[in-house]
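One-letter residues, chain by chain:
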Amino acid sequence: MDLKKYVREIPNFPEEGISFKDITPLLKDAKALESAAEALFELIKNKKVDKVVGMESRGFFFAPLLATRLNAGFVPVRKRGKLPHQTISEPYALEYGRDVLEIHVDGILKGEKVLIHDDVLATGGTAKAVCKLIEKLGGEVVQCNFLLELKFLKGRDKLSGYPVEALIQY
Ligand code: PRP
Ligand code: MG
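Keep in mind that this is a model prediction, so the values were computed, not measured. (Residues numbered from 1 in each chain as written. Chains lettered and ligands numbered in written order. Predicted model: local features only at pLDDT ≥ 70, side-chain atom pairs only at ≥ 80, totals over all residues. Heavy atoms only, no water.)

Trainee: Help me out: how do you make sense of unusual backbone geometry in this one?
Mentor: Residue Pro14 follows Phe13 across a cis peptide bond; omega there is 0°. Structurally, Pro14 can be placed in the loop between β1 (8–11) and β2 (19–22). The amide bond that connects Glu56 to the next residue, Ser57, takes the cis arrangement and shows omega of -5°. Here Ser57 shows up in the loop between β3 (51–55) and α3 (63–70). Although it is not a glycine, Asn12 adopts a positive phi angle of roughly 60°. With respect to the helices, strands and loops of the structure, Asn12 is situated in the loop between β1 and β2. (Helix = DSSP H or I, 4+ residues; strand = E, 2+ residues; numbered from the N terminus.)

Pasting the structure below:
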């Protein structure tokens, strides 16, 4: 299935000069949704995974679908102040300024093997911060897995040392 056909490009969103990759057409089509989940699973299915970590917001679409296929648990990484229990945090760069990502201290146990999933790999700043959170808790990142990769932003360079897989490239 050519999943790229289900990604809609929205010019000048959220700001002038940005071509936003809108995956809602893919999400609302039952066959495309299932096909994307299955294809993302194919990228990791031969590795042992204890936890799938997805990051707020758009990482939440597929991370739990991957977790059930891998017989793994799902752990959310959220933006500052959203998680109710004790957290650790990691700052990351945004286009303008910085924000903070958080994970519950008991989300990952020492030695657990972790798959990171997000919808888009752009500069890699978000995923790199999540790698750091997982490692601070003693987890091991076995793959960073994305639906879309914006190659011209060179996110793979920021994630050097980690296995990176993406289904659709731009
Ligand atoms: C987008 C996207 C990725 C991140 C990729 O999330 O969903 O999480 O940016 O960018 P990077 O590789 O340059 O870090 P965003 O922060 O816009 O928030 P959202 O998922 O809540 O929409
Ligand atoms: Mg996001």
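Trainee: Can you walk me through the site of ligand 1 in this structure?
Mentor: In the region of ligand 1, the neighbouring residues are Glu56, Ser57, Arg58, Lys79, Asp118, Asp119, Val120, Ala122, Thr123, Gly124, Gly125 and Thr126. Within the side chain of Thr123, a nitrogen or oxygen atom sits 2.5 Å from an oxygen atom of ligand 1. Summarising the interface, the protein chains cover 77% of the accessible area of ligand 1, which totals 500 Å² for the free molecule. Counting only elements with at least two residues in the shell around ligand 1, the list comes to β7 (113–121) and α4 (125–136). With three residues, β7 is the largest single contributor of residues to the shell around ligand 1. Grouping the constituent residues of the shell around ligand 1 by class yields two nonpolar, five polar and five charged. (Near = heavy atom within 4 Å. Polar contact = N/O pair within 3.5 Å; in protein donor to acceptor, adjacent residues only side chain to side chain. Areas by Shrake-Rupley, 256 points an atom, 1.4 Å probe, with all protein chains shown as cover. Nonpolar A, V, L, I, M, F, W, Y, C, P; charged D, E, K, R; others polar.)

Trainee: Sorry if this is basic, but what is going on with the packing of aromatic side chains here?
Mentor: Summed over the entire model, instances satisfying the criterion amount to two aromatic pairs. Geometrically, the ring pair formed by Phe60 and Phe74 is edge-to-face, given 5.8 Å between the ring centres and 85° between the ring planes. You can see Phe60 sitting in the loop between β3 and α3 and its partner Phe74 sitting in strand β4 (residues 73–79), a full 14 residues away along the chain. Relative accessible area serves as the criterion here: at 27%, Phe60 is assigned to the partly exposed category. Positioned over the ring face of Tyr170 is Lys21, at 5.0 Å from the centre of the ring. (Phe/Tyr/Trp six-rings, centres within 6.5 Å; stacked < 30°, edge-to-face > 60°. Buried < 20%, exposed > 50% of the residue type's maximum accessible area, 1.4 Å probe, protein only. Lys NZ or Arg CZ within 6 Å of the ring centre and 35° of its normal.)

Read these as geometric descriptors, not functional statements.
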